[in-house]
Amino acid sequence: MTKAPTLDQLCTFRLGPLYLAIGVLNVREVLHHLEITPVPHAHHAVEGLINLRGQVATTIDLRRRLGIPERDRDVKPIHVVVLSDGEPVTLLVDAIGDVLDVDSFTYEDPPPTMSEQARELIMGAYKLNSELLLALDVAKVVDLYPSSIEPVEI
Amino acid sequence: MDEIIGEFLVESYEGLDQMDESLVRLEETPDDIDILKEVFRTLHTIKGTCGFLGFGHLEKVAHAGENLLSLLRDGKRSMSPEITDALLATVDKLREILASVDETQGEGEPDIDQIVATLAVLTADDPAATTEPPAPPSADAVGTFAFDDGASDTTGSDRPDPVEPVAADAATSVDGEPGAEGDTLGYGIDPAPEGDGEGGAPKKPISLGRLGDMLVTAGAVNRTDVEIAAVEQQMGDLRPLGKILVESGLIEQGVIESVMAAQRSKSAGATIRVDVALLDRLMNLVGELVLSRNQIFQLAGERKDHEFVTPAQRLNLITSELQEGVMKTRMQPINNAWARLPRLVRDLSQQMDKRVRIEMVGKDTELDRTIIEAIKDPLTHIVRNTVDHGIELPEKRLAAGKDPEGLLRLRASHEGGQVNIEVSDDGKGIEAEPLRIKAVDSGFVTAENAAKMTDTEIVQLIFKSGLSTAKSVSNVSGRGVGMDVVKTNIERIGGSVDLKTEPGVGTTFKIKIPLTLAIIPALIITCAGNRYAIPQVNLLELVRLERDDPNNRIEDMHGAPVYRLRGRLLPIVDLREQLGAEPVVRATTNIVVLKADDQHFGLIVDAIEDTEEIVVKPMGHQVKDIKIFSGATIMGDGRIALILDLMGIAAGANLLEATVIGHNGNDVDTTPVDSSHALDDRTLLLLGIGPQQVAIPLATVERLEEFPQSAVERSEGRRVVQYRHQIMPLIDLGPMLAFTDSAFEQSDRVSVVVCSFNGRTVGLAVGAILDIVSHAEVLETITEDSQSVVIAERVTDVIDIPALVASVLPITTTPPAAEDQPSPVEAARPSSLSGV
């Protein structure tokens with residue numbers, strides 16, 4: 001059960017108390033300070049839309065997606081741009097960390113005690129010396145309406 | 001391999017579409033050998049490729065069709081309805097198998113026996129064959145592909161075939177066959193192993209063939225030499241034309257090769273296939289470039305730095321040109337949407353024993369490809385309906401004194417950033433009365449409303465779902481579903497569809513659609529701190545209400561806010577509420593009057609900004625299912641604005657269900673079924689002249705303008721202004737109507753109503769422009785020579801503008817000083833005036 005997914009190089013970032021990572025190949029770029037246009041009636045994790053050099057990209061607040069309390073107003077979030085089905089999506093994180101080479105032997109699946117919501121998005125953890133690095137499932141993070149599309153209340 | 005199959009599918013579908021069209025044309029002009037050859041080549045190409053790819057069923061069907069076609073082409077058989085039917089059925093069958101290949105990468109187990117048998121019977125049934133000399137199948141059919149061998153003798157009845165008489169034709173045949181170029185060259189030069197021999201006696205005048213023509217055109221050889229060579233061929237020389245020429249020392253082999261190579265690269269290089277996704281990406285990139293250009297241009301303007309301004313201007317020019325170019329790559333002729341209609345019309349009319357001729361004008365009119373796709377179905381539906389209901393049976397047409405053959409005319413043209421498509425017929429038209437009864441019976445309108453509606457309005461009801469004009473339901477149409485879908489689909493792409501009909505004379509559908517969906521005009525508004533775009537097609541008018549005006553406010557009708565717009569109750573929706581934002585108390589209320597699916601409603605917004613051309617951008621899948629937004633756009637400052645989907649908003653506010661109320665007979669005017677908001681004769685523009693008020697029909701009004709007194713000049717003793725590069729005469733309405741107040745004495749600015757009729761434009765100078773009212777709230781007292789109405793408890797004259805203008809500004813002579821010494825009331829036609 002401890003077979004690691006094929007993540008070699010990880011892009012790491014901080015989100016409140018969490019130290020998270022996604023495969024570096026998933027990340028297209030990292031951006032600061034973008035004007036976000038809110039979208040009424042969108043999924044609660046959707047922060048809004050941004051102009052990514054002429055393309056309209058959806059911005060997802062990773063805190064809300066993972067159910068972590070809102071960040072302080074004075075913390076300016078950072079956009080991690082990933083691709084989902086060819087569409088750019090940005091994930092809002094608190095701070096961006098280093099790109100790490102991790103040993104897949106240090107990987108382990110999450111314990112059953114982890115909450116249902118988190119288990120869907122967090123694939124497992126790399127046991128680093130200092131702390132646990134949680135591996136996010138990018139495809140699931142950006143898929144806000146898994147399986148069937150929930151009707152949106154207007 | 002998949003790529004090859006994909007390409008094969010695209011080419012084959014195109015070819016089959018073309019065949020559909022050609023076969024229908026052939027039926028009219030059965031002797032057109034060029035069309036026949038074209039059809040033959042298409043089928044042959046498909047057959048060849050099928051064999052190569054190992055699609056046995058496809059090959060079998062195509063082969064059977066090809067056999068029949070070769071007889072037709074060689075004049076051994078002439079077109080008949082049965083043959084056309086069989087060939088069209090062949091096309092259908094091929095399409096069916098292709099669809100299966102498309103989906104499953106395999107042919108499946110299609111039932112091809114019947115069609116092959118039908119074709120075989122028609123091929124075998126050979127009345128002319130005995131009298132004609134044994135005719136060759138084509139050189140075309142032979143030898144291009146290895147698997148062609150034996151093709152011609154699969155059907156038992158076929159004779160062993162000698163070959164095409166003029167070998168030069170072999171070169172002709174090849175150009176329809178992609179992938180065969182390699183062989184082409186060999187054809188001209190090497191003795192063809194399949195034997196380009198001489199069959200019967202020479203039938204044709206000396207034809208140089210494609211190769212000969214090419215060589216002559218290229219100046220490589222003179223015409224006489226080629227002619228001689230061609231004659232030699234006809235006399236029995238078995239060598240190909242190129243070989244004869246080379247061997248006679250008239251031309252170098254290398255020259256022939258280079259001429260043919262040039263020709264090949266010409267046809268191969270002229271067009272290429274491009275993935276649509278790539279074009280879409282280019283379009284996006286250009287959109288981005290336009291935005292960057294705008295920013296740079298703005299910077300350049302601020303800096304006033306000449307070294308910077310010049311390149312910025314060049315960038316500007318190039319970007320515009322690039323944008324235009326990329327837009328063009330996405331354009332396709334409308335014929336792509338029309339091509340399948342002749343076939344459809346033929347099949348339908350045959351099925352219903354009708355005779356219909358289809359006429360197409362403006363096939364080359366170009367449209368964005370997404371729009372072409374979007375209008376295909378609505379167009380098909382309209383045409384289907386026209387043939388089914390519109391055009392009568394031949395005997396009925398004869399009885400009505402018409403040509404027994406009905407005419408269906410498609411016409412397309414560009415008009416100011418839009419494309420007009422007309423589908424008209426000379427059929428029986430739509431009678432309003434039965435429809436009126438039916439509309440009342442099925443609860444669409446109350447009997448009372450129905451009685452008030454004009455015939456034109458009644459006829460528009462066919463666009464309502466569930467209402468059919470057909471007396472009986474046929475299997476083609478008449479179930480009452482469809483025309484509403486047509487309308488919805490056309491409106492979804494920002495178009496409109498209109499209907500004109502005259503019983504006994506015919507019906508015309510007028511469709512207006514935008515050239516492109518990528519860029520649309522929109523009104524930008526703000527609400528709850530964000531900007532939103534409203535597509536201009538939905539926009540009717542803007543209304544502004546001041547809080548302190550008790551006569552002009554939003555009223556509450558048991559929880560439903562409404563506003564009285566020209567006497568009708570307009571349901572009101574607050575955008576803040578729709579967006580889930582906090583309500584606010586507003587000093588002035590801005591209402592955007594909108595139309596969504598025939599439902600008119602007012603949308604309260606915080607502020608109205610401007611109209612802009614916006615580039616529509618798709619939204620990510622996380623947000624695109626929100627019904628009140630249809631997309632997003634990037635504004636000049638780089639921020640994003642959401643585009644409102646008015647249908648979604650109307651549905652979200654339960655406005656669309658409101659129509660149901662009407663069904664129960666409780667139509668409380670919240671759901672105007674007719675188009676009473678349209679600017680017809682009953683809508684009046686209310687003008688103030690001093691203390692008096694008069695009204696003119698809004699239909700004659702072109703624009704409302706305001707000029708400073710200094711702009712008013714004199715010409716021939718008359719007041720004029722320069723307006724849109726013309727000299728526009730001004731008529732001082734007050735003195736004209738024997739009121740004392742002149743519009744020119746009131747302030748330093750003059751309000752002018754610009755009227756346009758019969759090709760003339762005049763300005764009416766008035767004291768004030770008050771309001772727009774409709775007849776719904778006026779009480780008419782029309783006597784024989786005057787028309788006055790009561791508006792806002794005041795008697796108001798309705799002025800007959802054309803008569804008035806004709807009296808003041810006769811077209812031939814111009815009485816001087818007409819307005820300074822106002823003519824008495826009689827100057828205008830009496831009917832236009834009456835004392836107040």
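**Student:** Where do I start with the overall build of chain B in this structure?
**Tutor:** Looking only at helices and strands, chain B features 26 helices and 30 strands. Here the analysis covers contacts within chain B between residues at least 6 apart in sequence; of these, 68% occur between residues at least 24 apart.

**Student:** For this particular structure, what's the right way to read helix H12 (residues 276-303) of chain B?
**Tutor:** Residues that lie three or four places apart on an α-helix share one face, since the helix turns once every 3.6 residues. Residues and elements named next belong to chain B. The terminal C-alpha atoms of H12, which comprises 28 residues, lie 40 Å apart, in line with the 40 Å expected from a rise of 1.5 Å per residue. For H12, the complete set of buried residues consists of Leu 279, Met 283, Val 286, Gly 287, Val 290, Leu 291, Arg 293 and Ala 300. Contacts made by the buried residues of H12 are with helix H13 (306-329) and strand S17 (629-634). Two or three places before Ala 277, at the opening of H12, Asp 275 has a side-chain oxygen 3.1 Å from that residue's backbone nitrogen. Backbone geometry just downstream of H12 places Lys 304 in the positive-phi region, at approximately 55°.

**Student:** Could you clarify how one ought to interpret the pattern of salt bridges in this entry?
**Tutor:** Pairing between side chains of opposite charge can happen when their charged atoms approach one another. The final tally for this structure, using the stated rule, is 38 salt bridges over all chains. For Asp 137 of chain A, the salt bridge goes to Lys 140 of chain A, with nearest N and O atoms at 3.9 Å. Given the relative accessible area of 17%, Asp 137 of chain A is considered buried. Note on Lys 140 of chain A: relative accessible area 44%, which makes it partly exposed. Beyond isolated ion pairs, a larger network of salt bridges with shared partners links Asp 17, Asp 20, Asp 85, Asp 92, Arg 95, Arg 343, Arg 346 and Asp 347 of chain B.

**Student:** How should I be thinking about the interface of chain B and chain A in this particular structure?
**Tutor:** When the parts of a complex come together, some accessible area is lost, and that lost area is often taken as the interface size. Across the boundary between the two partners, chain B contributes 25 residues, which contact 28 residues of chain A. Taking both partners together, chain B and chain A bury about 2,300 Å²; carbon and sulfur atoms supply 61% of that area. Three residues stand out in chain B for area buried against chain A, namely His 621, Gln 622 and Ile 640 of chain B, and they jointly supply 29% of the buried area on that side. Summed over the shared surface of chain B and chain A, the number is one salt bridge. A salt bridge links Glu 35 of chain A to Arg 639 of chain B; the shortest N-O distance between them is 3.6 Å. Counting across the chain B and chain A interface gives five residue pairs in polar contact (both at pLDDT 80 or more).

**Student:** Explain the side chain of Arg 64 of chain A to me, please; I cannot follow it from the model alone.
**Tutor:** Residues and elements named next belong to chain A. Among the secondary structure elements, Arg 64 is positioned in helix H1 (residues 62-66). At 2.9 Å, the side chain of Arg 64 forms a polar contact with the backbone oxygen of His 44. Excluding residues that lie within four positions of it along the chain, Arg 64 makes contacts with His 44, Ala 45, Val 46, Glu 47, Glu 70 and Gln 117.

**Student:** Can you help me understand the packing of helix H4 (residues 81-104) of chain B against helix H15 (residues 341-351) of chain B in this one?
**Tutor:** In helix packing, the relevant descriptors are the interaxial angle and the interaxial distance, both defined with respect to the helix axes. Residues and elements named next belong to chain B. In the contact formed by H4 and H15, the axes pass within 13 Å of each other and the chain directions differ by 125°. It follows from the interaxial angle that H4 and H15 lie oblique. Seen from above, H4 lies across H15 with left-handed handedness. Note on element contacts: H15 touches H4 through Arg 343, Arg 346, Asp 347 and Gln 350, opposite Pro 81, Thr 84, Asp 85, Leu 88, Asp 92 and Arg 95. Here the contact of H4 with H15 is built from residues that sort into two nonpolar, two polar and six charged.

**Student:** Help me understand the packing of helix H1 (residues 2-28) of chain B against H4 of chain B in this model?
**Tutor:** Residues and elements named next belong to chain B. The interhelical angle for the contact between H1 and H4, taken along N-to-C directions, is 165°, at an axis separation of 10 Å. Regarding the angle of H1 to H4, the classification is roughly antiparallel. Handedness of the H1/H4 crossing: left-handed. For the pair H1 and H4, contact is made by Ile 5, Phe 8, Leu 9, Ser 12, Tyr 13, Leu 16, Asp 17, Met 19, Asp 20, Leu 23 and Glu 27 and by Pro 81, Thr 84, Leu 87, Leu 88, Val 91, Leu 94, Arg 95, Leu 98, Ala 99, Val 101 and Asp 102, respectively.

**Student:** Honestly, the sheet that holds strand S9 (residues 107-108) of chain A in this entry has me stumped. Any pointers?
**Tutor:** Within a sheet, adjacent strands bond to each other through the backbone by hydrogen bonds, running parallel or antiparallel. Residue and element names in this part refer to chain A. Across the sheet, which stays open at both edges, the six strands sit in the order S8-S1-S2-S11-S10-S9 with mixed pairing between neighbours. Of all the strands in the sheet, just strand S8 (95-101) and S9 have a single pairing partner and so form its edges. Direction of pairing for strand S10 (residues 122-127) relative to strand S11 (residues 132-136): antiparallel, over a ladder of five bridges. Its bridge partner lying in S11, Ile 122 is registered against Leu 136.

Criteria and cut-off values
- Residues numbered from 1 in each chain as written.
- Chains lettered and ligands numbered in written order.
- Predicted model: local features only at pLDDT ≥ 70, side-chain atom pairs only at ≥ 80, totals over all residues.
- Heavy atoms only, no water.
- Helix = DSSP H or I, 4+ residues; strand = E, 2+ residues; numbered from the N terminus.
- Contact = heavy atoms within 4.5 Å.
- Expected span 1.5 Å × (residues − 1).
- Buried < 20%, exposed > 50% of the residue type's maximum accessible area, 1.4 Å probe, protein only.
- Polar contact = N/O pair within 3.5 Å; in protein donor to acceptor, adjacent residues only side chain to side chain.
- Salt bridge = Lys/Arg side-chain N within 4 Å of Asp/Glu carboxyl O.
- Buried area = accessible area lost by both parts, 1.4 Å probe.
- Axes fitted to C-alpha atoms, helices over the stretch in contact; angles between N-to-C directions.
- Parallel < 35°, antiparallel > 145°, perpendicular 65-115°, else oblique.
- Left-handed = near helix turned anticlockwise from the far one by under 90°.
- Nonpolar A, V, L, I, M, F, W, Y, C, P; charged D, E, K, R; others polar.
- Pairing = 2+ DSSP bridges.

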